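Fold and contact review
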Amino acid sequence: MPLEPPWTPASRQWLKEQLARGCSRREIADILFQQGFSIEFVRGKMGDAYPHEIVRSTEPLQPPPILRNPPKNLRKVDTDKLDLYVLEDFLSPRLCDQVAALLRHHLKPSPVAGKVTDAEYRTSRTCYLGQLRSPVAASVTQRICKTLGISPEYAESAQAQNYEVGQQFKAHRDYFDFNSPYQQNGPEYGNRTWTFMVYLNEGMGGGGTKFHAIDQTFEPRKGRALFWNNLYPDRRPNPDTKHSGEPVTSGSKMIITVWFREYGAGKMFLD
């Protein structure tokens, strides 16, 4: 059994502060999972604050509230292969700049789930926004959840990625293949449902997001969000969600990503 990472006084203080602030218990647990702590360890440290009341439904997945009362700046991509949407002007240029400035100081090589033999498969750098003590980062996550209408208890901790010239994320799918290694909290929270991605800048060369089943590439536009469902309504993974972050040929690209899960504490939807 692999050893747990060190649990330091700073770790204890961070956990205490997050709980005192009333942060999402689901997100707190997810951040600890991302740092390499096991489910059993996190349960022990969080105690009664651990989100035990996980709701595991077998009912068909329902569309989130945003799709029941869509705003004018929302567009559904015309395809029957996947549920894919474009939301223009999700973030203001000013907030995009604030988040971009924040993430530049906290970038690490992006992780890859499972065994990958291609060194060029994912070459971006990642900032774990949920781990930062930043009201700006917290407000973006809250806005994403509120916009979709999905409870934060069903959301993974927000991440941001930075792509420089030549960097990319080759064709992949966001859902987990449960026959191969995946995040430790997979059994607890099920598979990934919706992916919500926001472009923080524009004007770079390349860097589009390509969906291969429909042969369509979406260009980065500052403040624009893309979101899509990785599963069919019956909760089977949808292979047509295969997509890639195309190589950047000039400038750089910055995005925010939040993934949502099948299961969480309490009701899935905020309405």
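Figured I'd write up the structure that's included with this text. (Residues numbered from 1 in each chain as written. Predicted model: local features only at pLDDT ≥ 70, side-chain atom pairs only at ≥ 80, totals over all residues. Heavy atoms only, no water.)

Below, the discussion takes up the environment of Glu 219. If you trace the backbone, Glu 219 turns up in the loop between strand S11 (216–218) and strand S12 (225–229). Residues in contact with Glu 219, not counting those within four places in the same chain, are Tyr 199, Gly 206, Gly 208 and Arg 224. (Helix = DSSP H or I, 4+ residues; strand = E, 2+ residues; numbered from the N terminus. Contact = heavy atoms within 4.5 Å.)

Looking now at helix H5 (residues 93–103). Residues separated by three or four positions in an α-helix point in the same direction, a consequence of the helix having 3.6 residues per turn. All of the buried residues along H5 are Leu 95, Cys 96, Val 99, Ala 100, Leu 102 and Leu 103. Down the axis of H5, the buried side of the element spans an arc of 160°, and every buried residue falls inside it. Residues Pro 93 and Arg 94 are exposed on H5 and point more than 90 degrees away from its buried face. (Buried < 20%, exposed > 50% of the residue type's maximum accessible area, 1.4 Å probe, protein only. Arc of directions from axis to C-beta.)

A word on the sheet that holds S11. Strand order in this open sheet of four strands is S7-S13-S10-S11, and the pairing throughout is antiparallel. Strands at the two margins of the open sheet, each flanked by one partner only, are strand S7 (169–172) and S11. Between one strand and the next, the sheet's axes are offset by a mean angle of 15°, whatever the strand orientation. (Pairing = 2+ DSSP bridges. Axes fitted to C-alpha atoms, helices over the stretch in contact; angles between N-to-C directions.)

With that settled, consider the sheet that holds strand S8 (residues 192–199). Across the sheet, eight strands lie side by side as S2-S3-S12-S8-S15-S6-S5-S4; this open sheet has antiparallel pairing. The open sheet terminates on both sides in strands that have one partner only, identified here as strand S2 (74–76) and strand S4 (108–109). Lying on the sheet, H5 is in contact with strand S5 (125–127), strand S6 (159–163), S8 and strand S15 (253–261); it crosses S15 at an angle near 90°. Relative to S15, helix H6 (residues 135–148) is tilted by about 55°, and along the sheet it contacts strand S3 (84–87), S8, S12 and S15.

Before going further, it helps to examine the packing of aromatic side chains. Aromatic ring pairs are described here by two measures, namely the spacing of the ring centres and the angle between the planes. For the coordinates displayed, the defined rule picks out 11 aromatic pairs. On the numbers, 5.5 Å between centres and 85° between planes, the contact of Tyr 121 with Phe 169 is edge-to-face. Pair noted here: Tyr 121 is in the loop between S4 and S5 and Phe 169 is in strand S7, with a separation of 48 residues, a long-range link. Take Phe 169: its relative accessible area is 14%, and that puts it in the buried class. An aromatic cluster is defined as three or more aromatic residues linked by ring pairs; in this entry it consists of Tyr 85, Phe 90, Trp 194, Phe 196 and Phe 227. Geometry around Phe 269 places Arg 68 over its ring, the cationic atom sitting 5.0 Å from the centre. (Phe/Tyr/Trp six-rings, centres within 6.5 Å; stacked < 30°, edge-to-face > 60°. Lys NZ or Arg CZ within 6 Å of the ring centre and 35° of its normal.)

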